[in-house]
Amino acid sequence: MNPLREGLIKERVPEPQVMVIFGASGDLTRRKLLPALYTLARERLLPAPFAVVGFARRPLGDEGFRQKMREGCDQFTRLRPVDDTLWATLADAIYYHQGSFDDPAAYTTLKARLEEIDTSLGVPANRLFYLSTPPSAYPEIIKNLGEAGLVTRSYSPFARIIVEKPFGRDLETARTLNRQLKQVFREVQIFRIDHYLGKETVQNMLVFRFGNGIFEPLWNNRYVDHIQITGAESIGMEGRGAYYEEAGILRDMVQNHLFQVMSLMGMEPPVSMDSDAVRDEKVKFLRSLRTIPLDKMDEFVVRAQYTSGHVLGESVAGYRQEPGVDPGSTTETYVALKLYVDNWRWANVPIYLRSAKRMPKRVTEIAIHYRHAPHQVFGSDGGRGPVRNVLSIRIQPDEGISLHFGSKVPGPTTDIAPVNMEFRYGTSFGAEPPEAYERLILDAMLGDSTLFTRDDEVEASWSFISRIHEAWRQQKKKQIPLFEAGSWGPVEADELLGEGISWRTP
Ligand code: BG6
């Protein structure tokens, strides 16, 4: 079978291949990538034969690298304890190649090393490259891979590349990176990773919407009043203050993760689950987002920053006191947006989206708020008005779906009280969902790019987000709204909402 006919591949058995991780001595490899490979090995989903080569600057050697990866697995893999026999087999397939990303000679030696590994395993030269370095190194690595002759554009053997976020920092840089990648790889060989697409609950959005008959007819402006999307975290900077100063939450969470979740929620039904069919619909959705005039940005987007406060019973520092943060910083750690989608389905349905650090708790959810019944025969609920039907899709934690509706309170009167109908992953399936990286690495090994972001998709989302940054640049504000850590955000965000609407307290 043609290994690049992504989306069509049904057998979940990847062909033999060698994976090369650039930036292998970094945190992601230890915390996510190797633990994911270990779990795949344990579930017998890894290609056979298979090898992984870590490429980084530090002098580690094969043994040193294996040791570090074992520690990572001991600490972070979801199937603990690590099985010693299985680890020994996997460790035999782990190698380390020391080199500088900008040194062409390191790629020539890498090529020779990979050929040796191919010969010893008796496999074709199939390659899966993984860029897990700071993004500033991407162009150099891509160019050097091309010049060393490490990238074939053929189907068999194949070469693929997984690119970690952030994919650019605005529309221009994203376009440039797309161009650089395409000088060496074809689009079907490029896998832009967004780990939210590897989450079971995010993928379930497609099954929920398009695998059932009853929800889709209610999924439009005839029935939906508004939508709220929340991506809240209780953590603060965790040592990433310097990175955050450059990024802000709009780049860190919204442009990628929450826009992905929103597109799956709002897109039209694809004609099939083929990777391009799905991504065509996501792109169409993103392109339908109504452009916000630069001088009206504050009416649609609120940014803010946390000050010191209490989160989950602990007192925490304000953003400006975090290490690596400028004491006069105006970088946003909270953002709330009011979005409109100018298409047939969503005309005039506002989507309120918020994301923040240092919220009272961690929760990612989509809540679809339905219109009231057109005629109220029951009067009001103790002065509170009719119960609003809300369908909430909880992405994490407590993964599940719940429907909120009004029910008659038992007794001689017709009192109405709000109740919930619940589905919980934990109780229904009794199994822990796999880690996002397990699914995504496996898909890349298979050449299935359905759950990866395509070039036009990444550019469509940056094109919307970069306008907001542009407006903020023009405003040159010296101060942005502040809110206490451990609260649900600034009052300014309440003013974004329409009359009678308030943010959910998940
Ligand atoms: C990362 C961001 O991409 O996603 C982090 O850089 C954020 O700032 C993280 O904390 C959230 O991921 P998850 O899977 O914990 O919701």
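Residues numbered from 1 in each chain as written. Predicted model: local features only at pLDDT ≥ 70, side-chain atom pairs only at ≥ 80, totals over all residues. Heavy atoms only, no water.

A word on the site of the ligand
Rule in force here: Nearness of a residue to a molecule or strand requires only that one of the residue's heavy atoms be within 4 Å of it. Per-residue and other accessible areas follow the Shrake-Rupley method at a 1.4 Å probe size, with only the shown protein chains counted as cover for residues. Put simply, DSSP marks the helices as runs of H or I at least four residues long and the strands as runs of E at least two long, and each gets a number from the N terminus on. Under this grouping Gly is polar, as are all residues other than the nonpolar Ala, Val, Leu, Ile, Met, Phe, Trp, Tyr, Cys and Pro and the charged Asp, Glu, Lys and Arg.
Near the ligand lie 13 residues; those nearest to it are Tyr 196, Lys 199, Glu 233, Asp 252 and Gln 396. Protein chains shield 82% of the accessible area of the ligand, which is 390 Å² for the free molecule. If one sorts the elements of the shell around the ligand by residue count, helix α8 (residues 241-266) sits on top with three residues. For the shell around the ligand, the per-class residue count stands at three nonpolar, three polar and seven charged.

Focus on the sheet that holds strand β1 (residues 17-22)
Rule in force here: Strands qualify as paired when DSSP identifies two bridges or more between them. A fitted line through C-alpha atoms serves as each axis, taken over the contacting stretch for helices, and the angle formed by two N-to-C directions is quoted from 0 to 180°.
Ordered in space as β3-β2-β1-β4-β5-β6, the six strands form an open sheet in which the pairing is parallel. A single partner strand is all that each edge strand has here, and the edge strands are β3 (94-98) and β6 (190-192). For this sheet, the mean angle separating the axes of adjacent strands, direction not counted, is 20 degrees. In the sheet, strand β2 (residues 50-56) pairs with β3 via five bridges, with the strands oriented parallel. From the neighbouring strand, Val 52 faces β3, where its bridge partner is Ile 94.

Points about the nonpolar core
Put simply, the test is: The set of buried Ala, Val, Leu, Ile, Met, Phe, Trp, Tyr and Cys residues whose side-chain atoms join them within 4.5 Å is what this entry labels a nonpolar core. Three labels apply to residues, based on accessible area from a 1.4 Å probe with only protein chains included: buried if under 20% of the type maximum, exposed if over 50%, partly exposed otherwise in between. Here, two residues are considered to be in contact whenever any of their heavy atoms come within 4.5 Å of each other.
Judged by nonpolar contacts, the single largest core of 146 residues is most densely connected at Phe 22 and Met 265. Here this core gets eleven residues from one element, more than from any other, and that element is α8. Ignoring sequence-local partners within four residues, the contact set of Phe 22 consists of Phe 55, Phe 101, Tyr 107, Leu 110, Phe 129, Tyr 130, Leu 131, Ser 132, Thr 133, Ile 141 and Leu 145.

Side note on the sheet that holds strand β15 (residues 400-408)
What links the strands of a sheet is backbone hydrogen bonding, and the strands pair in either a parallel or an antiparallel sense. Taken together, nine strands build an open sheet; the order of strands is β16-β15-β14-β13-β7-β12-β11-β8-β17 and the sheet is mixed. Two strands close off the open sheet at either side, each with one partner strand: β16 (416-424) and β17 (482-484). With direction set aside, neighbouring strand axes in the sheet form an average angle of 20 degrees. As defined by bridge partners, strand β13 (residues 363-370) adjoins strand β14 (residues 390-396) across six bridges and the pair is classed as antiparallel. Pairing of Ala 367 across the sheet is with Ser 392, part of β14. Those strands touched by α8 are β7 (224-232), β11 (334-339), β12 (351-356), β13 and β14, and its axis lies near 140 degrees from that of β12.

A look at the packing of aromatic side chains
What counts is decided by this rule: What counts as a ring pair is set by centres within 6.5 Å for rings of Phe, Tyr and Trp (its six-membered ring), and what kind of pair is set by the plane angle: stacked under 30 degrees, edge-to-face over 60, tilted for all other angles. We call a charge positioned over a ring when the NZ of a Lys or the CZ of an Arg lies within 6 Å of the ring centre and within 35 degrees of the ring normal.
Scanning the entire structure with this criterion turns up 17 aromatic pairs. Ring centres of Phe 423 and Phe 429 lie 6.3 Å apart, and the angle between their planes is 85 degrees; this geometry places the pair in the edge-to-face category. Its relative accessible area of 23% is what places Phe 423 among the partly exposed residues. For Phe 429, a relative accessible area of 59% translates into the label exposed. Ring geometry for Tyr 425 versus Phe 429: centroids 5.9 Å apart, planes at 45 degrees, classification tilted. Here the residue Tyr 425 and the residue Phe 429 both occupy positions in helix α11 (residues 425-429), the gap between them amounting to four residues, near one helical turn. Through pairs of rings, three or more aromatic residues link up here, namely Phe 22, Phe 55, Phe 101, Tyr 107 and Phe 129. Arg 66 extends its terminal NZ or CZ atom over the ring of Tyr 95, reaching a point 5.9 Å from the ring centre. A cation over a ring is seen here: Lys 199 above Tyr 196, with NZ or CZ 4.6 Å from the ring centre.

As for the confidence of the model for the protein
Rule in force here: Each residue carries a pLDDT value, the predictor's own confidence for that position, ranging from 0 to 100.
Per-residue confidence for the protein gives a mean pLDDT of 94, with 97% of residues at or over 70. With pLDDT under 50 throughout, residues 1-10 is counted as low confidence; its partners more than four residues away or in other chains account for 29 contacts.

A few points about the environment of Arg 388
Basically, it comes down to this: In protein, a polar contact means a hydrogen-donor-capable atom and an acceptor-capable atom, both N or O and within 3.5 Å, with residues adjacent in sequence counting only if both atoms are side-chain atoms; elsewhere, any N or O pair within 3.5 Å suffices.
Mapping Arg 388 onto the fold places it in the loop between β13 and β14. Given the relative accessible area of 22%, Arg 388 is considered partly exposed. Arg 388 sits 245 residues away from Lys 143 along the chain, and the two C-alpha atoms are 55 Å apart. Among the polar contacts listed, one links the side chain of Arg 388 to the backbone oxygen of Tyr 370, at a separation of 2.9 Å.

Thoughts on the packing of helix α7 (residues 200-210) against α8
Operational definition: For classification purposes, angles smaller than 35 degrees are called roughly parallel, those larger than 145 roughly antiparallel, those between 65 and 115 roughly perpendicular, and all remaining angles oblique.
Between α7 and α8, the shortest axis-to-axis distance is 9 Å and the interhelical angle comes to 5 degrees. Viewed along their axes, α7 and α8 adopt a mutual orientation that is roughly parallel. Contacts between α7 and α8 pair Val 202, Met 205, Leu 206 and Arg 209 from the former with Val 261, Leu 264, Met 265 and Gly 266 from the latter. Looking at side-chain class alone, the contact of α7 with α8 contains six nonpolar, one polar and one charged residues.

Brief notes about the pairing of strand β8 (residues 301-307)
By the criterion of burial, β8 is predominantly enclosed, with six of the seven residues buried. Two elements, β8 and β11, share four bridges in a ladder whose sense is antiparallel. Within the sheet, the bridge partner assigned to Arg 303 lies in β11 and is Val 335. Note: β8 against β17, three bridges, orientation parallel. Across the sheet, the residue bridging to Gln 305 is Leu 482, located in β17.

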